[in-house]
Amino acid sequence: MKGLCGADAGIKISNALLHFGEEPPLVGKGGSGTIFFTGCPMKCIYCQNMGFSQLGVGVKITEEELANIMLLLQKAGAENINLVTASQYLPHVLKALEIAVKAGLEIPIVWNTSGYDSEEALEKLDGVVDVYLTDIRYTDDETGRKYSKVPDYWSVTQKALKIMYRQVGPFDGKKGMIIRILVLPGFANQAIEALRFIAKELSPQIPVSILRQYMPVFGAKNDPVLGRAVTDEEYEPVLEEAERLNLIGWYQLEERTTVPTKAVPEIHSFLKRKIKVQARGKPL
Ligand code: SF4
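As the structure is a computational prediction, the values presented were derived from the model and not from experiment. Going along each chain's sequence as written, the residues are numbered from 1 onward. Per-residue local features are limited, in this predicted model, to residues with pLDDT of at least 70; the limit for side-chain atom pairs, both in listing and counting, is 80 or more; totals at the level of whole chains, interfaces and linings are taken over all residues.

Draft legend 1. How the structure looks around the site of the ligand. For the ligand, the full set of nearby residues is Cys40, Met42, Lys43, Cys44, Cys47, Asn49, Ser53, Thr85, Ser114 and Ser148. Under the scheme applied, nonpolar residues are Ala, Val, Leu, Ile, Met, Phe, Trp, Tyr, Cys and Pro; charged residues are Asp, Glu, Lys and Arg; polar residues are all the others, including Gly. Its residues assigned to classes, the shell around the ligand comprises four nonpolar, five polar and one charged. A molecule or strand has a residue near it when that residue's C-beta atom, placed from backbone coordinates, lies within 6 Å of it.

Draft legend 2. Spotlight on the pairing of strand β7 (residues 176-182). Each residue is classed by its C-beta neighbour count within 10 Å, where at least 20 other C-beta atoms makes it buried, 12 or fewer makes it exposed, and intermediate counts make it partly exposed; the C-beta atoms are placed from backbone geometry. Numbering of helices and strands starts at the N terminus; helices are DSSP runs of H or I of at least 4 residues and strands are runs of E of at least 2. Within β7, six of the seven residues are buried, which leaves the element mostly enclosed by the surrounding structure. Here, strands pair whenever DSSP counts at least two bridges between them. As paired strands, β7 and strand β8 (residues 208-211) are joined by four bridges and run parallel to one another. Within β8, the residue paired with isoleucine 179 across the bridge is valine 208. The β-α-β motif built from β7, the intervening helix α8 (residues 188-201) and the parallel element β8 has right-handed crossover chirality. The handedness rule is simple: strands pointing away from the viewer, and a clockwise path from the first strand over the helix to the second, make the crossover right-handed.

Draft legend 3. Structural detail: helix α6 (residues 141-148). Three or more residues of α6 are buried, namely Gly144, Tyr147 and Ser148. Buried residues of α6 fall within an arc of 90 degrees about the axis and therefore sit on the same side. C-beta atoms are placed from the backbone for every residue, and two residues are taken to be in contact when these atoms lie within 7 Å. The secondary structure elements touched by the buried residues of α6 are α7 (153-168). By definition, the arc is the one covered by directions from the helix axis to the C-beta atoms.

Draft legend 4. Local environment of helix α3 (residues 63-75). Taking 1.5 Å per residue, 13 residues should reach 18 Å; α3 reaches 18 Å between its end C-alpha atoms and fits that length. Those residues of α3 lying buried are Glu63, Leu66, Ala67, Ile69, Met70, Leu73 and Gln74. Along the axis of α3, the buried positions cluster into a sector of 155 degrees, meaning they face one direction only. Looking at the buried residues of α3, the elements they touch are β1 (11-19), β2 (32-37), β3 (59-61), β4 (81-84), α4 (90-102) and α10 (265-280). Here, expected helix span is obtained from the residue count minus one, scaled by 1.5 Å.

Draft legend 5. Highlighting the packing of α3 against α4. Here an angle of 0 to 180 degrees is reported between the N-to-C directions of two axes, which are lines fitted to C-alpha atoms, with helices fitted over the stretch in contact. Where α3 meets α4, the closest approach of the two axes is 8 Å, and the angle between their N-to-C directions is 55 degrees. Taken together, α3 and α4 sit at an angle that is classed as oblique. As for the relative orientation of α3 and α4, their crossing is right-handed in sense. For the pair α3 and α4, the contacting residues are Glu63, Glu64, Leu66, Ala67, Met70 and Leu71 in the first and His92, Lys95, Ala96, Ile99 and Ala100 in the second. Angles below 35 degrees are treated as roughly parallel, those above 145 as roughly antiparallel, those between 65 and 115 as roughly perpendicular, and all remaining angles as oblique. Handedness of each helix crossing follows the sense of rotation of the near helix against the far helix: counterclockwise by less than a right angle gives left-handed, clockwise gives right-handed.

Draft legend 6. Quick peek at unusual backbone geometry. At phenylalanine 218, a position not held by glycine, the phi torsion is positive, near 45 degrees. Despite not being glycine, asparagine 246 shows a phi value in the positive range, around 60 degrees. Relative to the assigned elements, asparagine 246 resides in the loop between α9 (232-244) and β9 (249-251).

Draft legend 7. Spotlight on the packing of α6 against α7. Their axes nearest at 6 Å, the elements α6 and α7 cross at an angle of 115 degrees. Taken as axis vectors, α6 and α7 run roughly perpendicular relative to one another. Taken together, the residues of α7 that come into contact with α6 (itself represented by Asp141, Gly144 and Ser148) are Tyr153, Trp154 and Ser155. The class makeup of the residues in the contact of α6 with α7 is two nonpolar, three polar and one charged.

Draft legend 8. Quick look at the environment of valine 183. Positionally, valine 183 belongs in the loop between β7 and α8. Valine 183 sits 69 residues away from glutamine 252 along the chain, and the two C-alpha atoms are 10 Å apart. Filtering out sequence-adjacent residues up to four positions away, valine 183 remains in contact with Ala188, Ala191, Ile210, Leu211, Arg212, Tyr214, Val230, Glu234, Tyr235 and Val238.

Draft legend 9. Examining the nonpolar core more closely. Ranked by size, the top nonpolar core spans 82 residues in total, and within it Ile35, Leu83, Met177, Ile181, Val183, Leu195 and Val208 carry the most contacts. Element by element, the count of residues in this core is highest for α7, at seven residues. Beyond its immediate sequence surroundings of up to four residues, valine 208 is in contact with Ile179, Ile181, Leu195, Ile198, Ala242, Leu247 and Gly249. A set of buried residues drawn from Ala, Val, Leu, Ile, Met, Phe, Trp, Tyr and Cys, joined through C-beta atoms within 7 Å, is what defines a nonpolar core.

Draft legend 10. Looking closely at the pairing of β4. Here β4 shows no split at all, with Ile81 and Leu83 on one side and Asn82 and Val84 on the other all buried. Both β4 and strand β5 (residues 109-113) contribute to a ladder of four bridges, which runs parallel. If you follow valine 84 over to β5, its bridge partner there is asparagine 112. Taken together, β4, α4 and β5 form a β-α-β motif whose crossover is right-handed.

This is the structure in structure tokens:
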């Protein structure tokens, strides 16, 4: 039986590779060892990863196999293990991390999330996660209901961000919190509100990553509000507000169309083998 996040009892991932498009300190020289988990608690109509976030595309793996993937990423030079939307597999991920750490995993662990994390989940991550790389997507519940099909995005996320901050503090180059703000067309005001929330309720020391990579895809293509790219007139005031608030971090100058990544051959062939076996419906 599958939950709303799209996950059943096992672990399913869509890919694991070295990612060079994350924030510069997470990429370093070796790239961020990124693992994309299948499923997501949010159902954004503009999701660029629709295949694995909402349609269930991915490969079933065990906790031991996940641990091994982490070790292979480390061996390939990854600067960290970047767990993308992993909350639906939390108990399995914790077990895999335990196995991997016992076997020599020592690079930082990044929890890459929409921010829509429960207090219970975050308690379990306390002391495990080194970096919270979190979004603020909306600053009211109504917009989250409309575009991501979750009833209480901002109510949950405000609490979650405060817990994350209490656990790790601002990012200091190795450990801490980074907040991403994806500027959405028609909602630049919410991006500005998010910046004000960070400065007032959290800390201006938290690096902020302001993104203008939004492109209307899937359900957003014909949406009257989200069916276009962000304009300069919308994006620039967001940057100005970040400057006015003395926030630190990064921003994108223009939309990004390609994401630089590098496959790790052993992981690539392992996942390929798994796909073949699972497509034939044979026991794993
Ligand atoms: S939170 Fe991210 S991965 Fe999840 S549905 Fe929204 S855009 Fe997709």
